[in-house]
Amino acid sequence: MTEHQPTSHESRHQEQLARPPEAARPRPDEPGAGAAAHSGAPAPQVASPAARRGKARAVTASVPGQPEPGPRDLTRDLGAAATASAMGVPPGRGPAQPPGDGGPGGPSSGAPGAGSGGEVPGGDGAAVARREGDRLRFVGAATRRIARGIDLDEIVLGLCRATVPTFSDAILVHLRDPLPVGDERPASPFVLRLRRTDRLRLVDDSLQEPEAADALSLLNAQTDLTPAAELCEVRTGGALAEVLRGVRPVFGDSVPARLALAELLGPDRPVPAGHRTILAPLRGRRRVIGAAVFVRGLERPAFEANDLLVAAQLATHTALGIDKAVLYGREAYIADELQRTMLPDSLPQPTGVRLASRYLPAAETARVGGDWYDAIPLPGSRVALVVGAVMGHSMTSAAIMGQLRTTAQTLAGLDLPPQEVLHHLDEQAQRLGTDRMATCLYAVYDPVAHRITIANAGHPPPVLLHLGGRAEVLRVPPGAPIGVGGVDFEAVELDAPAGATLLLYTDGLVESRLRDVWTGIEQLRERLAATAQLTGPDHPPPLEALCDDVLDMLGPGDRDDDIALLAARFDGIAPSDVAYWFLDPEDSAPGRARRLARRALDRWGLEELTDSVELLVSEVVTNAVRYAERPVTLRLLRTDVLRCEVGDDSPQLPRQRRARDTDEGGRGLFLVNRLARRWGATRLSGGKVVWFELPTRP
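Residues numbered from 1 in each chain as written. Predicted model: local features only at pLDDT ≥ 70, side-chain atom pairs only at ≥ 80, totals over all residues. Heavy atoms only, no water.

J.: Sorry if this is basic, but what is going on with the overall build of the protein chain here?
T.: For the protein chain, the count of helices and strands is 17 helices and 22 strands. Burial status across the protein chain gives 50% buried among its 698 residues. Carbon together with sulfur atoms contributes 52% to the accessible area of the protein chain, which is approximately 33300 Å² in total. (Helix = DSSP H or I, 4+ residues; strand = E, 2+ residues; numbered from the N terminus. Buried < 20%, exposed > 50% of the residue type's maximum accessible area, 1.4 Å probe, protein only. Areas by Shrake-Rupley, 256 points an atom, 1.4 Å probe, with all protein chains shown as cover.)

Written out as structure tokens, the structure reads:
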């Protein structure tokens, strides 16, 4: 389908509109130029008795279920009176103009919207020029209002509000369902859905009865323009398909247009006769995406030939705006999905620590950023806490963030020290490109030792909120950002007392155009201390409420960057709930492991788990002794579950397999898988750890 090319007649007419004569230009000393008294302008008409009884006000009626217009939408500028007069709106909503027959030259003389066949009021050609100038100004104002919309609903609403009542008394907008995006093939069959319809009514404040108020409707009260159904299937080769294929707007009184309107609205929905209906196809960049129907009532002049050009301009700008809105919506959807998949869906719940997180984009129009957070369980009931920020707010930043986050998870699985993790992240960033810069903070919390090891790569320092309410900014080596290259990273080991809360964040929380980063960090520290005072010295604030309270410190001008927030509450594991032994790699090790485990269970009052624990410990220790060269470690942890960890110096991870009937071994992991609630194996830098968990309560 080809784009609409204006004919030579239309081109000459557009040039005429673009060059109004000097007499048509409003002078500063003429308020309301084009509608005020002017040389050759028609004399004011005498208001009808109905108009003298009260002042009429305009109301736009919409389809049920659609948002009602606000006060600003219902109140029209008084300065639009001149444009309304040029487009054929009855001045002052006074007496009805004599209806024309709608044919060429048919509109009655004296009507503001008289066509070329009617007499110009006063015989002054300046009135025609003023009318054409007003029409041109209307097109400019209407297209600007349509262009202000960002999403689909705003663009369609802009079209309706710009045309009713200035250009038409009612409008119906149908759009393709579903709307195709870009180059994708449109769905079959071709279905149009009614997106919105607006209609003008006049309500007289002095009339009390609803029936009398309805009598002032610009549209015939007997004419129902609401389609019989919201959906209309466009038949191939039908009248509606032919009109839409033609692209150009057409009057509703032509034979093809009448058949097309009957197909679009339904055969039982009559429209005003004559040139009072315009059917305008909405063509985007590649295909027709809908149609708009403009209708004028019987009490105002019919449409002119020049109004087809106005409808074409409105339809073109609306269709192109809808195309852009659909593309923008698809990009926003992709960005949201990308950001969602790059961040964890939920945080783990490791032993001895509770976690909470938040993420806020920089703005609704820039939902993709490079900030991320993560919590990774490690062997020995430890957990790695990670927060980082890639420079920028583009899809590229989000993609780089995803690669760095995946790399950090892989390195954490190797149980590398924090400074080594940052070193490998720095190398990965350099492989991604020379300008791939990011900051990152990597911390490992050990709930048994109540210690935390932190390494920093140019990231804001964390804040530790103690149980008594004191908040302190931890002093960690700042380091260089990831991607600089050739920089050594340092790690520091600090106490992590039970009941304390560690807050990791990105620079968007503490830095903005209104404050520097250290001022923001101090405000954050004060906010945490003030929040802790509300719950008392012996009760730390709830994590979720603490995160919300921290974000509440942001002011209107403090959102220059996206924000990632990770809060960790250290509960720890008491020494009395930990049992730890070394076992020599010899044949007697499984028996000794069973006896040690039985004693620990008796001390903890978990005698009902003795049989299961002895069986599983024996199988796992036997497998470790078979490959170990140095002593094997056995550790039992009692929390809400009973966790057993067996470590050795062999890097080979055990794999569960199905043993044959004639095999003497190979059934140990099968028993572990059947009896344990969870189990796993993790490779360490110096070997591996095999662990399993059993519930402490039936």
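J.: Is there a simple way to explain the nonpolar core in this structure?
T.: One recurring pattern in soluble globular proteins is that nonpolar side chains are buried together. Among the nonpolar cores identified, the biggest contains 54 residues, and Leu385, Leu422, Leu425 and Phe570 are the most heavily contacted of them. In this view, Leu425 contacts Leu404, Thr407, Ala408, Leu411, Cys440 and Ile482; residues no more than four positions away in its chain are not counted. Core analysis: the next-biggest nonpolar cluster, separate from the first, contains 35 residues, Ala142, Phe303, Ala315 and Ala319 among them. (Core = buried A, V, L, I, M, F, W, Y, C linked by side-chain atoms within 4.5 Å. Contact = heavy atoms within 4.5 Å.)

J.: Just to check I follow, could you spell out the environment of Val448 for this structure?
T.: Relative to the assigned elements, Val448 resides in the loop between strand S11 (438-446) and strand S12 (451-457). Setting aside anything within four residues of it in sequence, one finds Val448 in contact with Ile573, Val578, Arg635 and Leu637.

J.: Please clarify how the packing of helix H5 (residues 125-147) against helix H6 (residues 152-163) should be interpreted in this entry.
T.: The geometry of a pair of packed helices is captured by two quantities: the angle between their axes and the separation between those axes. At a minimum axis separation of 8 Å, H5 and H6 run at an interaxial angle of 155°. In terms of orientation, H5 lies roughly antiparallel with respect to H6. Considering how the two elements wind past one another, H5 and H6 form a crossing that is right-handed. From H5, Phe138, Ala142, Arg145 and Ile146 reach across to H6, where they touch Ile155, Gly158, Leu159, Arg161 and Ala162. Class assignment for the residues of the contact of H5 with H6 results in six nonpolar, one polar and two charged. (Axes fitted to C-alpha atoms, helices over the stretch in contact; angles between N-to-C directions. Parallel < 35°, antiparallel > 145°, perpendicular 65-115°, else oblique. Left-handed = near helix turned anticlockwise from the far one by under 90°. Nonpolar A, V, L, I, M, F, W, Y, C, P; charged D, E, K, R; others polar.)

J.: Sorry, what's going on with the sheet that holds strand S16 (residues 501-505) here?
T.: Pairing between the strands of a sheet is mediated by backbone hydrogen bonds and can be parallel or antiparallel. Reading across from one edge, S8-S17-S16-S13-S14 is the order of the five strands in this open sheet, with antiparallel pairing throughout. The open sheet has two edge strands, strand S8 (353-360) and strand S14 (471-473), and neither has a second partner. Geometrically, the sheet is characterised by an average inter-axis angle of 20° between neighbouring strands, direction not taken into account. (Pairing = 2+ DSSP bridges.)

J.: Could you clarify how one ought to interpret the sheet that holds strand S22 (residues 687-695) in this entry?
T.: Spatially, five strands are ordered S18-S19-S20-S22-S21 in an open sheet, and the strand pairing comes out antiparallel. In this open sheet, the two edge strands, each paired with only one partner strand, are strand S18 (578-583) and strand S21 (678-684). When the angles between neighbouring strand axes are averaged without regard to direction, this sheet yields 15°. Sheet analysis places strand S19 (residues 632-638) next to strand S20 (residues 641-648), joined by six bridges and oriented antiparallel. Bridged to Arg635 within S20 is Glu645. Along the sheet, helix H15 (residues 589-604) makes contact with S18, S19 and S20, crossing S18 at roughly 165°.

J.: I tried to follow the environment of Asp151 on my own but got confused; where do I start?
T.: Residue position: Asp151 is located in the loop between H5 and H6. Judged by its relative accessible area of 36%, Asp151 falls in the partly exposed class. Sequence separation of Asp151 and Lys324 is 173 residues, and the distance between their C-alpha atoms is 8.6 Å. At 2.9 Å, the side chain of Asp151 and the backbone nitrogen of Glu154 are in polar contact. (Polar contact = N/O pair within 3.5 Å; in protein donor to acceptor, adjacent residues only side chain to side chain.)

J.: Explain the pattern of salt bridges here, please?
T.: When the charged atoms of two side chains lie near each other, side chains of opposite charge can form a pair. Per the stated rule, a full pass over the model turns up 32 salt bridges. Between Asp169 and Arg300 there is a salt bridge whose closest N-O contact spans 2.6 Å. Separated by 131 residues along the polypeptide, Asp169 in the loop between H6 and strand S2 (170-176) and Arg300 in the loop between strand S7 (288-295) and helix H10 (305-342) bring together distant segments of the chain. Arg300 shares its class with Asp169; the two are buried. The partner of Lys688 in a salt bridge is Asp648, with the nearest N and O atoms 2.8 Å apart. (Salt bridge = Lys/Arg side-chain N within 4 Å of Asp/Glu carboxyl O.)

J.: Would you mind showing me how to read H6 here?
T.: Three- or four-residue spacings in an α-helix give side chains the same orientation, since the helix completes a turn every 3.6 residues. For H6, which comprises twelve residues, the first-to-last C-alpha distance of 17 Å matches the rise-based estimate of 16 Å (1.5 Å per residue) to within 8%. With nine of twelve residues buried, H6 is to be regarded as a mostly interior element. Within H6, burial applies to Leu152, Ile155, Val156, Gly158, Leu159, Cys160, Arg161, Ala162 and Thr163. (Expected span 1.5 Å × (residues − 1).)

J.: Teacher, can you tell me more about unusual backbone geometry here?
T.: Backbone geometry follows two general trends: most residues other than glycine have a negative phi, and most peptide bonds adopt the trans configuration. Cis geometry marks the peptide bond from Val164 to Pro165, where omega comes out at 10°. Turning to its location among the elements, Pro165 is positioned in the loop between H6 and S2. Residue Pro178 is bonded to the preceding Asp177 through a cis peptide linkage, with omega at 0°. Tracing the chain through its elements places Pro178 in the loop between S2 and strand S3 (191-204).

J.: Please clarify how a nonpolar patch on the surface should be interpreted in this entry.
T.: Taken together, the side chains of Tyr333, Ile334 and Met395 define a hydrophobic patch exposed on the protein surface, amounting to about 300 Å² of accessible area. For Tyr333, the location among the structural elements is in helix H10. (Patch = residues over 30% accessible without salt bridge, like charges linked within 9 Å, V, L, I, M, F, W, Y side chains within 5 Å.)

Treat this as a map of the structure, not an account of what it does.
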